[in-house]
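Here are the chains, one letter per residue:
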Amino acid sequence: MTNALHAPRSVAETADINTSYIDTWTIGTPRLLAGLDRYPTLDARTHLAVHGPLPGADLAKLLGLLETAGLSGRGGAGFPLATKILALQGNRPTVVVNGSESEPASHKDRTLLQRTPHLVLDGALAVATAVGARLVKVAVHDPAVAAAVRSASRSRPDGKRVRVQITSGSFVAGEARALVRALNGGPALPPGRHDHLTSRGVLVANAETFAQTAVLLRLGSWGYGQTGTRREPGTTLLTIGGAAGRPGVVEVPLGTPLGIVLRSARAENARYLITGGYHGTWLAPLPEAPVSRAGLAGVGATLGAGVLLTIDARTCALGELTRVSRWLAAQSAGQCGPCRFGLPALAADVAALAVGNPAAAANAKRHATLVQGRGACSHPDGASRFVRTGLAVLADELGQHRSGGCGRPVVGQLPIGAI
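Residues numbered from 1 in each chain as written. Predicted model: local features only at pLDDT ≥ 70, side-chain atom pairs only at ≥ 80, totals over all residues. Heavy atoms only, no water.

Focus on the overall build of the chain
Step number 1: For the chain, the count of helices and strands is 15 helices and 13 strands.
Step number 2: Radius of gyration (C-alpha) of the chain: 21 Å, near the 22 Å computed for a compact globule of 419 residues.
Step number 3: With the C-alpha coordinates of the chain rotated into their principal frame, the extents come out at 65 × 45 × 40 Å.
Step number 4: Out of the 419 residues in the chain, the part that is buried amounts to 57%.
Step number 5: Across the chain, contacts joining residues at least 24 apart in sequence account for 72% of those joining residues at least 6 apart.
Step number 6: Accessible surface for the chain amounts to roughly 16,700 Å². Of this, 53% is attributable to carbon and sulfur atoms. (Helix = DSSP H or I, 4+ residues; strand = E, 2+ residues; numbered from the N terminus. Rg over C-alpha atoms; globule rule 2.2 N^0.38 Å. Buried < 20%, exposed > 50% of the residue type's maximum accessible area, 1.4 Å probe, protein only. Contact = heavy atoms within 4.5 Å. Areas by Shrake-Rupley, 256 points an atom, 1.4 Å probe, with all protein chains shown as cover.)

Right, dumping it as structure tokens:
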């Protein structure tokens, strides 16, 4: 049903389906989520029936496909996969699937790994073969996801090359360099901004990136580009949450107007949006804004980790910002001043603004500026962006709080982990 809303049954509607799975649906023709409207999970046989066999590809063919399609990573940074491969050094590289998904609002990588794991493994093993890697390591923090990937790998003739490891679920532990440290037996903490994994022969990408690679290998660059935009072909996964009437994971063609996505999630009444997760940006609803990296950048937002959160009139938006600011401060790696001191100070500034202290505005601006670009990792930058854009979008809310408050409770529409 190309160019139409395709809404498969909720997995909870089928008696033999594990109802702990999050709802999935697609806008347009499903690619990554193909078959999940009919099956709770795709085992090896069903996977082949839905997707077909995976064509082989040597390094030259793989790079040609990736460069023609412009396939970028579907994690926070959006780095081109071909560029990562070209930067790999060493004779025995390692391919790592980052399925840790430490962003508490995101579920797309876990959905792929738990419900259609062979698609992810197809892409990861194809890349590993092309670059000469012997092993594919899959890092997750959810035991159920680990069990699903292990089961899938045992059913594949090439599955002996797959290693699954459970790692820390803390926010900064999902950062690629922290993840690799943990896989090597060290602390799950980022080692510093200048540690380039490809120079050590390690290629890390998130689960969706490898699943997209498997789709690209099957469709070819022309078929892959039949949806999406000229600049950003293909589809992407979004985790939609917050005040959405239908939270879950949706696959959308890149460039789909934001209003269509919100309607599909029954979130038309959103007052504010957060795009890209908790290292992302706040945004007023702009129905015509295209959901793509370039499209959202054009309205001052970011696609980031593929998270779209909505806030409606039932909650105090400034209170929600305060909750998440405190949580981000508590997620500090504790390795540098911006994290240890700057983020707690910034969270205190936001809390002061929520109780009507106008003097805290100048402090918040100063602290947000001070932490940028000075941390041992990108966590201070992301947290600062989240707070800065939140305060800019919530200008009217700030005025209401200076005059006695907005009158709405904080109901916790933004999901966070324990502080």
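Picking up where we left off.
Side note on the packing of aromatic side chains
Step number 1: For the structure on display, the rule yields 5 aromatic pairs.
Step number 2: Taking 5.1 Å as the distance between ring centres and 70° as the angle between the ring planes, the aromatic pair formed by Phe171 and Trp327 counts as edge-to-face. Pair noted here: Phe171 is in the loop between strand S5 (162–166) and helix H7 (176–183) and Trp327 is in helix H11 (residues 317–330), with a separation of 156 residues, a long-range link.
Step number 3: In this structure Phe171 comes out as buried when scored by relative accessible area, which is 10%.
Step number 4: Through pairs of rings, three or more aromatic residues link up here, namely Phe171, Tyr272, Tyr278, Trp282, Trp327 and Phe386.
Step number 5: Here Arg31 stacks its cationic end above the ring of Tyr224, 5.4 Å away from the centre of that ring. (Phe/Tyr/Trp six-rings, centres within 6.5 Å; stacked < 30°, edge-to-face > 60°. Lys NZ or Arg CZ within 6 Å of the ring centre and 35° of its normal.)

A short note on the sheet that holds S5
Step number 1: The 4 strands are arranged S5-S4-S3-S6 in an open sheet whose pairing can be described as parallel. Single-partner strands in this sheet number two, and they are S5 and strand S6 (202–206). The mean angle between the axes of side-by-side strands here comes to 20°, regardless of whether they run parallel or antiparallel.
Step number 2: Taken strand by strand, helix H6 (residues 143–154) contacts strand S4 (136–140) and S5, and its axis lies near 170° from that of S5. (Pairing = 2+ DSSP bridges. Axes fitted to C-alpha atoms, helices over the stretch in contact; angles between N-to-C directions.)

Remarks on the nonpolar core
Step number 1: Ile85, Val138 and Phe210 are the most contacted members of the largest nonpolar core, which has 50 residues in total.
Step number 2: In terms of residue count, the dominant contributor to this core is helix H5 (residues 117–131) (10 residues).
Step number 3: Residues within four places of Phe210 in sequence aside, it is in contact with Val95, Val96, Val97, Leu119, Val120, Gly123, Ala124, Val127, Leu203 and Ala205. (Core = buried A, V, L, I, M, F, W, Y, C linked by side-chain atoms within 4.5 Å.)

Looking at the pattern of salt bridges
Step number 1: Tallied over the entire structure, the rule returns 14 salt bridges.
Step number 2: Two residues, Arg74 and Glu208, come together in a salt bridge whose shortest N-O distance is 3.6 Å. Of this pair, Arg74 sits in the loop between helix H2 (59–69) and helix H3 (81–87) while Glu208 sits in helix H8 (residues 207–224), and the two are 134 residues apart along the sequence. One exposure class covers both Arg74 and Glu208, and it is buried. (Salt bridge = Lys/Arg side-chain N within 4 Å of Asp/Glu carboxyl O.)

Side note on the side chain of Ser292
Step number 1: Mapped onto the elements, Ser292 comes out in the loop between strand S12 (290–291) and helix H10 (293–297).
Step number 2: When sequence neighbours within four positions are dropped, the list of residues in contact with Ser292 reads Glu232, Leu254, Gly255 and Leu303.

Points about the side chain of Thr213
Step number 1: If you trace the backbone, Thr213 turns up in helix H8.
Step number 2: Thr213 gets classed as buried once you look at its relative accessible area, which sits at 1%.

Quick notes on the layout of surface pockets
Step number 1: In this structure, the largest pocket encloses a volume near 1,400 Å³.
Step number 2: Around the largest pocket, the lining comprises 47 residues; the ones closest to its centre are Gly75, Gly76, Ala77, Glu175 and Ala176.
Step number 3: When contributions to the lining of the largest pocket are tallied by element, the ones reaching two or more residues are H3, helix H4 (108–115), H7, S6 and helix H14 (379–393).
Step number 4: Residue contributions to the lining of the largest pocket peak at 5 residues, all from S6.
Step number 5: Looking at the lining of the largest pocket residue by residue, the classes come out as 13 nonpolar, 22 polar and 12 charged. (1 Å grid on protein atoms, 1.4 Å probe; cavity = no way out; pocket = protein on both sides within 12 Å on 5 of 7 lines; lining within 4 Å. Points joined across faces, edges and corners; volume = space filled by probe spheres on them. Nonpolar A, V, L, I, M, F, W, Y, C, P; charged D, E, K, R; others polar.)

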